Every structure is written in C-alpha cells, then in structure tokens.
Amino acid sequence: MPLVSMRQLLDEAAKGGYGVGAFNVNDMEQIQAIMAAAKETKSPVIVQASRGARQFAEDLYLFKLIQAAAELNPEIPIAMHQDHGNSFETCKSAIELGYTSVMMDGSLKEDGKTPSTFEENVAVTKRVVDYAHERGVTVEGEIGVLGGVEDGHGAGGSGLDHITDPDQAVEFAEKTGVDALAIAIGTSHGAYKFTKKPDGSVLKMDVLIAIHKRLPNTHLVMHGSSSVPKDLQDVVNQYGGKLKETWGVPVEEIQLGIRNGVRKINVDTDNRLAMTGAIRKVLWETPEKFDPRDYMKPAREAMKKVVALRMVQFGQAGHAGDYAPISIEQIAKGYKDGTLSTQPLVAAK
Ligand code: 13P
C-alpha cells in the first residue's frame, strides 16, 4: 500500500471513535518494531520524524526505510509525518521527499525555543496549509505551547506554562484550515513530566473537552503522551541507569481524550526507555558481547511490545483493513473543491 494521507487515517479514526498512535523513529530497528506491532495488532499507524531524526538518519535513508515498510506491509495504512516542523522550509522539504503529513509548529519561532505571537503562528501555519493541501498533504498545527524539550525543540518549562485558550484554538483553526490541532493541556515532552501521578486537576481535560465541542471536525493531537511506566524505568535503573523517579500521562487520561476528539497520540519516550532498558540488560549481563545484533534485537522486541500495547489501548488495533487508501492526488482534489476543507472525509461518530 502506498503511504496514506494522515487526514484519511484520522477521519477514519473519528468515524470509528478511536485514536491512532504516532510513533517517532530515527532508525531501521524502530521502524521495524512499529511495523511488527502494527502487523500483529492489525493497526493503521502514523510514523513520525522530528528534524533531529531527519538529521541523525539523513533524510533519504529514513524515507527509503519508510517506503520499504510500506512495501513490505501492504495491508497496513501508514502515514509519514514530519513532527514539529519549525518553518515553512522544513515542511516543504518533507513534502518534497514524499511525507504525507507535516506539523507546522508555529507556536514557537523558527529557533524552536521562543514562543511566537498568535499572528505569527497563524501566518506561517496558513502558508504551510496552502502549500501542503495543494499537494494532498495533511497539516497539523499547534496552539498553546507544550512543555519540555524534544530533540532540541521546545520552550522548556512545565506543560502548564502556556495552556491553550479555547477561543484562540477556534480562531486559529478557522484562520489556518489545519486538519489536526495540537493543544497544550499540561503534557510535556520527555521522561520528566510530573513529580507525582497526575489526576484530573493536573491535566486540563476540561480545556480539551471545551475545544472539541467547538471544533468537532478538527482532529485533536496529544503530544507528550508517553506514560513513562514504572516497569520500563525499573529495567533501565536495574542495569546501571540513573533515572529519577517520574510520572507520565496515564493511559486512562489518553482514553478520556480519545472519547473527546483526540485522534493522534504522540509517543516517543516510552519507546526510548524500552530500547535502552533492553540494551542495558544485555550489556550488563553479558559484557563479553559486542555484536550489535545481540542487543538491537531485544531492543527492537522491547519497543514492539510497548507499541503493540499502545495500539490496543488507543483502539486502533483491528482497523487496518477497514478502508482502501484514497490517492494523495484525490485528496488534493478534495482540498481544492472544498469537500475536505471543513468536513472530514467521513462523518464523526
Ligand atoms: P513523549 O516524550 O511523551 O513520548 O512525547 C513525544 C511527542 O510528543 C513527540 O512530538
């Protein structure tokens, strides 16, 4: 199956009332782990690369690996997404490579650190939407500012510093025409999100629900959604790691989000922890080993286990065969004639 429009994937998720995990990748083993999990659970999937990942792996290597994943798994709908694009040029280069979706994170200036003004965010995001939609590519925007830093991108600080204002979210969605919208409800990138288990008073689920009521056709995105489970932290620390005690986003809160318009859930840290724990274990227990396959194989298996579990928890499991892909050219036509600009491809439940 060719790479699929993320818009189609999310519209189908809205129809089915489930969420789709968007998993970050930097290398072949991570892509293989995601595809093995998708195959096992029969899940559509979003694979995403940050600017840092594109640099680390070199654009063409990474993109060819995704193409290989699509070729080897024809029964799995895969959308390839640019995570946290910092400028029009970053998004344009991803589209030129063949990504079927881009995030223009205009909540920060091009340096990827300084919060921008609302007007600056609208201007750069709208420019990306015009360019991307003409080519059938999906666009995710961000309003409010997420906490933490990921691959050098992020304002830092707590996820509670710049919570999204629902009025601004509505104005932003109307002015830009984004397909998906990342909102800040208290989550942040990385392992250190919360110093105790967050409950309803920490995560602003009321803000999320208010935004979904007013923007029922805009797919909401939860960033910083790793759950940072204790068992994964424990494996890292058991074999020489030094992680400080920390809490992530409870899966129940994500599931509450999914019942209220969240369609894309970003997960990176949990997979990093799973791989690192598995690698540490092999090197700790068998220090004589030096063939990378001896530790990369268990690392890939550990990541696959986490991804497969999330796929079940987010509800995407079992939905890979629900629909046939619509060509990117057809999607571009839909944006052009207006059938896709305000209405999802399929009606929300
Ligand atoms: P985590 O660090 O919680 O995995 O979040 C990843 C993310 O939001 C990527 O954009």
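In the block above lies the structure referred to throughout.
This section reports on the structure supplied with the text. (Residues numbered from 1 in each chain as written. Predicted model: local features only at pLDDT ≥ 70, side-chain atom pairs only at ≥ 80, totals over all residues. Heavy atoms only, no water.)

### As for the pairing of strand β3 (residues 78-85)
Part 1 of the argument: The buried count for β3 comes to 8 of 8 residues, which makes it a mostly enclosed element.
Part 2 of the argument: Pairing of β3 with strand β4 (residues 101-104), which is carried by 3 bridges, proceeds in the parallel orientation. Across the sheet, H81 pairs through a bridge with S101, a residue of β4.
Part 3 of the argument: A crossover connection joins β3 to the parallel β4 through helix α5 (residues 88-97); in handedness this β-α-β unit is right-handed. (Buried < 20%, exposed > 50% of the residue type's maximum accessible area, 1.4 Å probe, protein only. Helix = DSSP H or I, 4+ residues; strand = E, 2+ residues; numbered from the N terminus. Pairing = 2+ DSSP bridges. Right-handed = clockwise from strand over helix to strand, strands pointing away.)

### Quick notes on the site of the ligand
Part 1 of the argument: Neighbouring residues of the ligand: 16 residues in total, closest K193, G224, S226, D268 and T269.
Part 2 of the argument: Within the contact set of the ligand, an oxygen atom lies 2.7 Å away from a backbone nitrogen or oxygen of D268.
Part 3 of the argument: Interatomic distance of 2.6 Å between a side-chain N/O atom of T269 and an oxygen atom of the ligand.
Part 4 of the argument: The fraction of the free accessible surface of the ligand (310 Å²) that becomes covered by protein chains is 100%.
Part 5 of the argument: Counting residues per element, the ones that place at least two in the shell around the ligand are β3 and β8 (262-267).
Part 6 of the argument: A per-class count over the shell around the ligand returns 1 nonpolar, 11 polar and 4 charged. (Near = heavy atom within 4 Å. Polar contact = N/O pair within 3.5 Å; in protein donor to acceptor, adjacent residues only side chain to side chain. Areas by Shrake-Rupley, 256 points an atom, 1.4 Å probe, with all protein chains shown as cover. Nonpolar A, V, L, I, M, F, W, Y, C, P; charged D, E, K, R; others polar.)

### Description of the sheet that holds strand β1 (residues 20-24)
Part 1 of the argument: Spatial strand order, β1-β2-β3-β4-β5-β6-β7-β8: 8 strands in a closed barrel with parallel pairing. Looking at each pair of strands side by side, their axes are set apart by 25 degrees on average, direction ignored.
Part 2 of the argument: Pairing of β1 with strand β2 (residues 45-49), which is carried by 3 bridges, proceeds in the parallel orientation. Following the sheet pairing, A22 is matched in β2 by I46.
Part 3 of the argument: Against the sheet, helix α12 (residues 292-314) makes contact with β1, β2 and β8, and its axis sits at roughly 155 degrees relative to β1, the strand it touches most. (Axes fitted to C-alpha atoms, helices over the stretch in contact; angles between N-to-C directions. Contact = heavy atoms within 4.5 Å.)

### Describing the packing of helix α2 (residues 28-41) against α12
Axes are the key here: two packed helices are described by the angle between their axes and the distance separating the axes.
Part 1 of the argument: One can describe the packing of α2 onto α12 by two numbers: an axis separation of 8 Å at closest approach and a directional angle of 45 degrees. As the angle between them shows, α2 and α12 are arranged oblique. In terms of crossing hand, the pair formed by α2 and α12 is right-handed. Together, E29, Q30, Q32, A33, I34, A36, A37, A38, E40 and T41 of α2 and M296, R300, M303, K304, V307, A308, M311 and V312 of α12 make up the contact between the two elements.
Part 2 of the argument: Residues of the contact of α2 with α12, tallied by class, amount to 11 nonpolar, 3 polar and 4 charged. (Parallel < 35°, antiparallel > 145°, perpendicular 65-115°, else oblique. Left-handed = near helix turned anticlockwise from the far one by under 90°.)

### Let's talk about the nonpolar core
Part 1 of the argument: Residues V45, I78 and L181 are the most contacted members of the largest nonpolar core, which totals 72 residues.
Part 2 of the argument: Sort the elements by how many residues they give to this core and α12 lands first, with 7 residues.
Part 3 of the argument: Ignoring sequence-local partners within four residues, the contact set of L181 consists of G141, E142, I143, A169, F172, L215, T218, H219, L220 and V221.
Part 4 of the argument: Of all hydrophobic cores here, the second largest spans 15 residues; its members include Y18, V20, I46 and A180. (Core = buried A, V, L, I, M, F, W, Y, C linked by side-chain atoms within 4.5 Å.)

### Observations regarding the environment of K304
Part 1 of the argument: By the secondary structure assignment, K304 is in helix α12.
Part 2 of the argument: Remark: the alpha-carbon pair of K304 and V267, spanning 37 residues in sequence, is separated by 13 Å.
Part 3 of the argument: Once residues within four sequence positions are removed from consideration, K304 is found in contact with A33, A36, A37 and E40.

### Re helix α9 (residues 230-238)
Part 1 of the argument: Those residues of α9 lying buried are L232, Q233 and V236. End-on, the buried residues of α9 take up no more than an arc of 100 degrees, which puts them together on one face. Of the exposed residues in α9, those oriented more than 90 degrees away from the buried face are K230 and Q238.
Part 2 of the argument: For α9, the secondary structure elements touched by its buried residues are α11 (269-285) and α12. (Arc of directions from axis to C-beta.)

### A look at the pattern of salt bridges
Part 1 of the argument: Summed over the entire model, instances satisfying the criterion amount to 19 salt bridges.
Part 2 of the argument: Note that K197 and E252 form a salt bridge whose closest N and O atoms lie 3.9 Å from each other. Taken together, the residues span a long stretch of sequence, with K197 in the loop between β6 (180-183) and α8 (205-214) and E252 in helix α10 (residues 251-258) at a distance of 55 residues.
Part 3 of the argument: E252 gets classed as partly exposed once you look at its relative accessible area, which sits at 48%.
Part 4 of the argument: Two residues, E301 and K304, come together in a salt bridge whose shortest N-O distance is 4.0 Å. (Salt bridge = Lys/Arg side-chain N within 4 Å of Asp/Glu carboxyl O.)

### Let's talk about the packing of α9 against α11
Part 1 of the argument: For the pair α9 and α11, interaxial distance at closest approach is 8 Å and the crossing angle is 30 degrees. The interaxial crossing formed by α9 with α11 has left-handed handedness. In this structure, α9 uses L232, V235, V236 and Q238 to contact α11, whose residues at the interface are D270, L273, A274, G277, R280 and W284.
Part 2 of the argument: Of the residues belonging to the contact of α9 with α11, the class tally is 6 nonpolar, 2 polar and 2 charged.

### Some points on the environment of Y239
Part 1 of the argument: As for its placement among the helices and strands, Y239 is situated in the loop between α9 and α10.
Part 2 of the argument: Sequence separation of Y239 and T276 is 37 residues, and the distance between their C-alpha atoms is 9.9 Å.
Part 3 of the argument: Excluding residues within four positions of it along the chain, Y239 makes contact with R280, K281, W284 and E285.

### What to know about the side chain of Q48
Part 1 of the argument: Structurally, Q48 can be placed in strand β2.
Part 2 of the argument: Here the side chain of Q48 touches K264 through a polar contact of 3.2 Å, side chain to side chain.
Part 3 of the argument: Look past the residues within four positions of Q48 in its chain and what remains in contact with it is A22, F23, N24, V25, M80, H81, D83, K264 and N266.

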